[in-house]
Amino acid sequence: MLVVSCHPLPDSLIGAARERTLAGLERTSAEVRHRDLYVEGFVPELSADEHRHHIEPGVSDDVRDHADDLRWCDTLVLVYPTWWSGQPAMLKGWFDRVWASGVAFDLPPGASTIRPRLQNIRHLVAVTSHGSSRFLNGIQGPTGRRTFFRWLRVLCHPLARCHWIAFYGVDTRPDTDRAEFLDRVEERIADLCG
């Protein structure tokens, strides 16, 4: 199981959700690898050379261990805030640089359709927060959710299951609701991954 967390503040709600995610996983027998993109100083920018060769299989040396973790895991848990209706730039950069040709997909010569490679991933879990309410988020369009359910999932096992654990209205909800969310995160993660 691979947990990828992404928030610049360890004492944030998402920082607490990361800790509760890891606590839930400790209750299972799963082998867990955790990547905290901010703590690691992950470089999200796709270089000119990476872009120039993005169809060629392989990744840069500095993200090779991330690619190895992605190919290793059967469950991927992403813990991040939803900003501007999507994943933070740091996490989007992780997608750009790690979910690359030869890792997440192949594009055979002359083909116009990619072929998924992450057949090992059978569960995708998102733990996230939204500043807007669930209602407003639905009206605006859940861009981040679409990325998760449509773009990431298609590169995984064809029967991969997706789970969305979200806290809406983060800017206005009381601390009691936050505590309930964190309890729910730990319980759901333990149940899903146990």
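Residues numbered from 1 in each chain as written. Predicted model: local features only at pLDDT ≥ 70, side-chain atom pairs only at ≥ 80, totals over all residues. Heavy atoms only, no water.

Chemist: Break down the pattern of salt bridges for me, citing the residues and quoting the values.
Modeler: On inspection of all chains with the given rule, the structure shows 18 salt bridges. One salt bridge in this structure joins R35 and D65, with 3.0 Å as the shortest N-O distance. Taken together, the positions of R35 in strand β2 (residues 33-36) and D65 in helix α4 (residues 64-72) put the pair 30 residues apart, joining distant regions of the chain. Take D65: its relative accessible area is 36%, and that puts it in the partly exposed class. A salt bridge links R97 to D62; its shortest N-O distance comes to 2.9 Å. On the criterion of sequence distance, the pair formed by R97 in helix α5 (residues 89-98) and D62 in the loop between α3 (48-52) and α4 is long-range, its members being 35 residues apart. Where salt bridges share partners, they join R20, R27, D183, E186 and E187 into one cluster. (Salt bridge = Lys/Arg side-chain N within 4 Å of Asp/Glu carboxyl O. Helix = DSSP H or I, 4+ residues; strand = E, 2+ residues; numbered from the N terminus. Buried < 20%, exposed > 50% of the residue type's maximum accessible area, 1.4 Å probe, protein only.)

Chemist: Explain the layout of surface pockets to me, using residue names and the numbers behind them.
Modeler: Over the atoms, a rolled probe matching the size of one water molecule traces out where space is still vacant. Here the largest pocket defines a volume of roughly 430 Å³. L46, E50, H54, D96 and A100 are the residues nearest the centre of the largest pocket, which is lined by 22 residues in total. The set of elements that each furnish at least two residues to the lining of the largest pocket consists of α3, α5 and α7 (143-154). Here the lining of the largest pocket is composed, by residue class, of 8 nonpolar, 8 polar and 6 charged. (1 Å grid on protein atoms, 1.4 Å probe; cavity = no way out; pocket = protein on both sides within 12 Å on 5 of 7 lines; lining within 4 Å. Points joined across faces, edges and corners; volume = space filled by probe spheres on them. Nonpolar A, V, L, I, M, F, W, Y, C, P; charged D, E, K, R; others polar.)

Chemist: Could you give me a rundown of the packing of aromatic side chains, with the residues and numbers involved?
Modeler: According to the stated counting rule, one finds 9 aromatic pairs in the structure shown. Measuring from centroid to centroid gives 5.5 Å for F95 and W151, while their planes differ by 55°, and the two rings are tilted. Of the two residues, F95 is situated in helix α5 and W151 in helix α7; the sequence distance between them amounts to 56 residues. With a centroid separation of 6.0 Å and an interplanar angle of 35°, the aromatic rings of W99 and W151 are classed as tilted. Taken together, the residues span a long stretch of sequence, with W99 in the loop between α5 and β4 (105-106) and W151 in helix α7 at a distance of 52 residues. (Phe/Tyr/Trp six-rings, centres within 6.5 Å; stacked < 30°, edge-to-face > 60°.)

Chemist: I'd like a rundown of α4, residues and numbers included.
Modeler: Within α4, burial applies to H66, A67, D69 and L70. The buried side chains of α4 occupy one side of the element, clustering within an arc of 160° when seen end-on. At its buried positions, α4 is contacted by β1 (2-5), β2, α2 (37-40), β3 (75-81) and α5. (Arc of directions from axis to C-beta. Contact = heavy atoms within 4.5 Å.)

Chemist: Could you give an account of the environment of G93, naming the residues involved and the relevant values?
Modeler: Secondary-structure assignment places G93 in helix α5. On the basis of relative accessible area, G93 is assigned to the buried category, the value being 3%. Other than its neighbours up to four places away in sequence, G93 contacts F42 and P44.

Chemist: Explain the environment of E187 residue by residue, including any values.
Modeler: Residue placement: E187 occurs in helix α8 (residues 175-193). Along the chain, E187 and R20 lie 167 residues apart, while their C-alpha atoms are 8.8 Å from each other.

Chemist: Pulling in residues and values, what's your account of helix α1 (residues 13-26)?
Modeler: With 14 residues, α1 ought to run about 20 Å at 1.5 Å a step, and its terminal C-alpha atoms sit 20 Å apart, in line with that. Among the residues of α1, L13, I14, G15, A17, R18, T21, L22, G24 and L25 are the ones counted as buried. For α1, the elements touching its buried residues are β1, β2, β3, β6 (123-129), β7 (161-167) and α8. (Expected span 1.5 Å × (residues − 1).)

Chemist: I'd like a description of the pairing of β7, backed by residues and values.
Modeler: Of all 7 residues in β7, 6 are buried; the element is thus mostly enclosed. Bridging between β6 and β7 involves 7 bridges; their strand directions are parallel. Within β7, the position partnered with V125 by the bridge is H163. (Pairing = 2+ DSSP bridges.)

Chemist: Pulling in residues and values, what's your account of the packing of α1 against α8?
Modeler: Each pair of packed helices can be summarised by the angle the axes make with each other and by the distance between the axes. Viewed as axis vectors pointing N to C, α1 and α8 meet at an angle of 35°, and their least axial separation amounts to 8 Å. Judged by the twist between their axes, the crossing of α1 over α8 is right-handed. Where α1 abuts α8, its residues L13, A16, A17, R20, T21, A23, G24 and L25 lie against R178, F181, L182, D183, V185, E186, I189, A190 and C193. (Axes fitted to C-alpha atoms, helices over the stretch in contact; angles between N-to-C directions. Left-handed = near helix turned anticlockwise from the far one by under 90°.)

That's the geometry; what it means functionally is another story.
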